[in-house]
Amino acid sequence: MPPSFGLDAARPAGEASIQRRRSLPLLGGGEPGRRVAVIPHRGAAPGAPHAGPAPRSVRISVTDRCDFACTYCRPSRHDGYADGRLMTSAWRAMFEALRDAGIRRVRLTGGEPLLHPEIVDIVARLASLGFEDLALTTNASQLARLAAPLRDAGLHRLNISIDTLDPARFREVTRGGELARVTAGIDAAVAAGFSPIKLNTVVLRGVNDDELERITLWAWERRMVPRFLEVMPIAEGARLVRDHLVTAAEMRERLAEHLLPEEAVGEPGLGPARYVGARRDPSLRVGFITGTSDTFCESCDRLRVSSTGVLRPCLATDEGVDASREAASGDLAAIRERLDEAWRLKPDGTVWKGCTEETASGVSIRAIGG
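Just so we're clear, the structure is a prediction, and the values are computed from it rather than from any experiment.

## Re the packing of aromatic side chains
Considering all chains together, one arrives at three aromatic pairs under this definition. Ring centres of Phe-68 and Phe-170 lie 5.7 Å apart, and the angle between their planes is 85°; on these two criteria the pair is classed as edge-to-face. One end of the pair, Phe-68, is in the loop between β2 (57-61) and α2 (88-100); the other, Phe-170, is in helix α5 (residues 167-174), and 102 residues separate them in sequence. An identical accessibility class is assigned to Phe-68 and Phe-170; each is buried.

Structure follows, in structure tokens:
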């Protein structure tokens, strides 16, 4: 295993880095409506309207807690957690305001969203509000017990993160995760009727890039959609890109014998992944997600909500608007004002290069919701 990937690899000024994350203003508790954790960025001038589409989708980090500590996401298992997470009543107000503001697609994230003790009730509440798409991204460690209740509550789709099918390698990448619990959760999701299930694999050279074919065939046997992600220079990924980046073009070349010689195409409104059909059965697909070799900021219509109620216009900066107090008071009109303010902060995607920008390396994926 390369030294830069080791579980206990030295991190320059590591404690200071951890402390910065713990004290970021994005963790909530500020004055209503204030801009928080502002990091200057290139792109639209402050206050200028975003050049791209209006927000139609949102990623909601219902908790920053996670039972894994994946090496491309967290510096360690002891990197601290946010204070001031939204209570259930505040989330209800936030959800209604998002719907009223025109958001139509919702994805729940974390941390690990299934660790939230009220996750099934949260899904049921969102489902009752009539969003056209309701999805959830999970590491599946808790899915064996929750797949059926989530399906019954109205969850439409699942994305499951799984970076390797080797148990020992899985424990190392996740710093202690058990692959058997994840595969049991996947089996439960299939049994509950979720289809298609999309698998997300962050590909790291010298770590798991020898498993592209194995993961693809394993997923296809279960009628799932494997998706391979470039490691991006955001948060912990910033220290891995130089030595471990495998581009989507290289991934596709390695899988060429299994894939149709056609242009990869996206699913409008369902994120940045682009898909290619299988030679043996065109109803099977593989997805590729760039972000390092080819950014996709220009078409981004996404906002993010942190577990503490901060509205974030972009994954690659710590700029955002704190709407926690408005949510706690149930003031839907005020929340919508904060949503508009956050959208005006969204970088202009025609010049902004997302997770390749300098600001990205200082962002906490777990705090913002990856």
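## Overview of the pairing of β2
Among the five residues that make up β2, five are buried, leaving the element largely enclosed by the rest of the structure. Residue alternation in β2 divides its side chains into two sets, Ser-57, Arg-59 and Ser-61 and Val-58 and Ile-60, and both sets are buried. Pairing of β2 with strand β3 (residues 105-109) involves five bridges; the strand directions are parallel. Looking at β3, one finds that Ile-60 is bridged to Leu-108. Each parallel crossover has a hand, and for β2 linked through α2 to β3 it is right-handed. With four bridges joining them, β2 and strand β11 (residues 302-305) adopt parallel strand pairing. Across the sheet, the residue bridging to Arg-59 is Arg-304, located in β11.

## Description of the pattern of salt bridges
The tally for this structure, following the rule as stated, stands at 21 salt bridges. Where Glu-250 meets Arg-205, a salt bridge forms, and the shortest distance between an N and an O atom there is 2.6 Å. Of this pair, Glu-250 sits in helix α9 (residues 248-254) while Arg-205 sits in the loop between β6 (198-203) and α7 (212-221), and the two are 45 residues apart along the sequence. By relative accessible area, Arg-205 is classed as partly exposed at 29%. Each of Arg-169, Asp-210, Glu-211 and Arg-214 takes part in salt bridges that share partners, so that together they form one network.

## Structural notes on unusual backbone geometry
Between Gly-110 and Gly-111 the backbone carries a cis peptide bond, its omega angle lying at 5°. Following Ser-195, the chain continues to Pro-196 via a peptide bond in cis, the omega torsion being -5°. Here Pro-196 lies in the loop between α6 (179-192) and β6. Its identity as a non-glycine residue notwithstanding, Ala-140 has a phi of 70°, on the positive side. Structurally, Ala-140 is set in the loop between β4 (133-138) and α4 (143-153). Here Arg-175, not a glycine, exhibits a phi torsion of approximately 55°, which is positive. Mapped onto the elements of the fold, Arg-175 is located in the loop between α5 and α6.

## So, the packing of α4 against α6
Packed helix pairs are specified by the crossing angle of their axes together with the interaxial distance, meaning the distance between the axes. Running from N to C, α4 and α6 point in directions that differ by 20°, and their axes come no closer than 8 Å. In terms of their interaxial angle, α4 and α6 are classed as roughly parallel. With respect to the hand of their crossing, α4 and α6 are arranged in right-handed fashion. Where α4 abuts α6, its residues Leu-143, Ala-144, Ala-147, Ala-148 and Arg-151 lie against Ala-184, Gly-185, Ala-188, Ala-189 and Ala-192. When the residues that make up the contact of α4 with α6 are grouped by side-chain class, the tally is eight nonpolar, one polar and one charged.

Reading guide: rules and limits
Residues numbered from 1 in each chain as written. Predicted model: local features only at pLDDT ≥ 70, side-chain atom pairs only at ≥ 80, totals over all residues. Heavy atoms only, no water. Phe/Tyr/Trp six-rings, centres within 6.5 Å; stacked < 30°, edge-to-face > 60°. Helix = DSSP H or I, 4+ residues; strand = E, 2+ residues; numbered from the N terminus. Buried < 20%, exposed > 50% of the residue type's maximum accessible area, 1.4 Å probe, protein only. Pairing = 2+ DSSP bridges. Right-handed = clockwise from strand over helix to strand, strands pointing away. Salt bridge = Lys/Arg side-chain N within 4 Å of Asp/Glu carboxyl O. Axes fitted to C-alpha atoms, helices over the stretch in contact; angles between N-to-C directions. Parallel < 35°, antiparallel > 145°, perpendicular 65-115°, else oblique. Left-handed = near helix turned anticlockwise from the far one by under 90°. Contact = heavy atoms within 4.5 Å. Nonpolar A, V, L, I, M, F, W, Y, C, P; charged D, E, K, R; others polar.

Note that every value here comes from positions in space, so none of it alone points to a role or purpose.
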